[in-house]
Amino acid sequence: MENTTNNAEYMLRARDIHKSFRENEVLKGISLDVCRGEVLSIIGPSGSGKSTLLRCLNYLETIDSGSIEVKGKYLVKNNDSGRAEYAPTKEMKEMLGCMGMVFQQFNLFPHMTVLENLMEAPTQVKKQTVEEIRPIAENLLRKVGLYEKRNEYPSRLSGGQQQRVAIARALAMKPDIMLFDEPTSALDPELTVEVLQTMREMAAERITMVVVTHEMTFARDVSNHVIFMADGLIVEQGRPAEIFGCPKEERTRLFLRNML
């Protein structure tokens with residue numbers, strides 16, 4: 001499989017992504033670009049395909065056709081018969097290792113302390129020693145304001161604290177791209193604020209982020225680019241000022257009227 005392009009400045013590119021679950025076509029030709037240091041927010045009604053798209057970008061779901069490039073290398077592209085063909089396993093692992101994912105549910109290991117949760121993947125996957133990863137993990141907990149909770153178990157934390165630990169855990173693998181799938185949807189409004197603040201700080205540090213969100217204020221104020229999806233299609237996309245200030249499509253206007 002040919003595995004390079006001339007677009008190394010792009011961290012993530014998708015072209016004409018199609019994905020069906022049996023007879024239900026969930027993604028109907030989605031294309032997007034994410035540049036280094038950019039925050040892309042994906043908004044839209046429930047059932048529009050947003051989370052499926054995110055899961056396709058990092059191989060939690062496979063696509064039927066189209067192409068996905070990670071840092072200029074093909075994760076997947078169409079073969080001669082027009083069906084999606086993925087890169088060899090070793091190359092895929094390298095590309096997927098560039099991405100961190102934060103889910104709606106926190107998925108922390110309940111039998112491990114906060115610090116142990118952060119150190120688990122680097123020691124098991126990257127074969128780093130505890131001595132190597134501990135100071136990195138502790139610094140990440142300071143970054144998300146939870147260093148004092150490092151020896152607590154997840155059950156002793158609030159939902160917002162657990163989600164911030166989940167973000168720190170993803171960052172412990174030093175990803176080049178962070179994917180967020182509705183990271184605040186399971187949280188009360190009060191706890192949502194602290195998670196969004198952590199994400200705002202990440203954006204200020206120019207961490208490349210793709211965020212599926214219902215938080216319109218975050219999408220408007222923090223994003224460089226916004227995609228509005230509905231019914232498996234990109235209805236409209238552009239800079240936040242364009243999407244929120246002067247949307248061109250009636251479907252976008254109706255959605256934002258109900259959300260803002």
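Scroll up to find the structure.
In short, a report on the structure. Here the residue numbers are simple positions, counted from 1 along each chain's written sequence. At least 70 in pLDDT is required for a residue's local features to be given in this predicted model, at least 80 for side-chain atom pairs to be given and counted, and no such filter applies to totals for whole chains, interfaces and linings, which use all residues. With hydrogens and water stripped out, all remaining heavy atoms of the structure feed into the side-chain values.

**Here's the deal with the pattern of salt bridges**
Salt bridge, as applied in this entry: a Lys or Arg side-chain nitrogen positioned within 4 Å of an Asp or Glu carboxyl oxygen. Overall, the coordinates contain 9 salt bridges when judged by the stated rule. Salt-bridge contacts for R55 lead to E61; the nearest nitrogen and oxygen are separated by 3.6 Å. Relative accessibility thresholds used throughout: buried, under 20% of the residue-type maximum; exposed, over 50%; partly exposed, between the two (1.4 Å probe, protein chains only). When its relative accessible area of 27% is taken as the criterion, R55 is described as partly exposed. The partner of K71 in a salt bridge is D176, and the shortest N-O contact between them spans 2.9 Å. With a gap of 105 residues between them, K71 in the loop between strand 4 (65–70) and strand 5 (73–78) and D176 in the loop between helix 5 (159–171) and strand 8 (177–181) connect regions that are remote in the sequence. Counting from the N terminus, the helices are the DSSP runs of H or I reaching at least four residues and the strands are the DSSP runs of E reaching at least two.

**Description of helix 5**
Expected span, for any helix, means 1.5 Å times one less than how many residues it has. Taking 1.5 Å per residue, 13 residues should reach 18 Å; helix 5 reaches 19 Å between its end C-alpha atoms and fits that length. Taking burial as the measure, the 13 residues of helix 5 include 13 buried ones, the bulk of the element.

**Re the environment of I234**
Relative to the elements of secondary structure, I234 occurs in strand 11 (residues 233–238). The sequence separation of I234 and G44 amounts to 190 residues, and the corresponding C-alpha distance is 9.3 Å. In contact with I234, not counting residues within four places along its chain, are I30, S31, I227, F228 and M229. Note on definitions: a residue-residue contact is assigned when non-hydrogen atoms from the two residues lie within 4.5 Å.

**A short note on the pairing of strand 4**
With 6 of its 6 residues buried, strand 4 lies for the most part within the structure. Burial of the side chains of strand 4 extends over both faces: S65, S67 and E69 are buried on one face and G66, I68 and V70 on the other. Here 5 bridges tie strand 1 (residues 10–21) to strand 4, and the two strands are oriented antiparallel to one another. Bridge pairing in strand 4 places L12 opposite V70. One requirement defines pairing of two strands: DSSP has to find at least two bridges between them. Bridge count for strand 4 against strand 5 is 3 bridges, and the pairing is antiparallel. Looking across to strand 5, one finds that V70 is bridged to K73. Taking the residues between adjacent antiparallel strands as the criterion, strand 4 and strand 5 are bridged by 2 residues, where K71 takes a positive phi near 50 degrees.

**A word on the side chain of R13**
As for its placement among the helices and strands, R13 is situated in strand 1. For R13, a relative accessible area of 14% corresponds to the buried category. Identification of polar contacts relies on pairs of N or O atoms within 3.5 Å, with a donor-acceptor requirement for protein atoms, meaning one able to donate a hydrogen and the other able to accept it, and with residues adjacent in sequence counted only if both atoms are side-chain atoms. A polar contact of 2.9 Å, which involves the side chain of R13, links it to the side chain of D33.

**Topic: the sheet that holds strand 4**
Pairing is antiparallel in the open sheet, where 5 strands are placed in the order 2-1-4-5-6. Each edge of the open sheet carries a strand with a single partner, namely strand 2 (24–35) and strand 6 (84–86). Going from strand to strand, the sheet's axes swing by 15 degrees on average, the running direction of each strand aside. Sheet analysis places strand 1 next to strand 2, joined by 9 bridges and oriented antiparallel. For helices, the axis comes from a line fit to the C-alpha atoms of the stretch in contact; other axes are also lines fit to C-alpha atoms, and the angle between any two N-to-C directions lies between 0 and 180 degrees.

**Quick word on the packing of helix 5 against helix 6 (residues 189–204)**
The geometry of helix 5 relative to helix 6 is characterised by a closest axis approach of 7 Å and an angle of 25 degrees between their N-to-C directions. Considering their axes alone, helix 5 and helix 6 lie roughly parallel with respect to each other. When you trace helix 5 past helix 6, the crossing you get is right-handed. Contacts between helix 5 and helix 6 pair G159, G160, Q161, Q163, R164, I167 and L171 from the former with L191, E194, V195, T198, M199 and M202 from the latter. An angle counts as roughly parallel when it lies under 35 degrees, as roughly antiparallel when it exceeds 145, as roughly perpendicular when it falls between 65 and 115, and as oblique in every other case. Take the far helix as the reference: if the near one is turned anticlockwise from it by less than a right angle, the crossing is left-handed, and if turned clockwise, right-handed.

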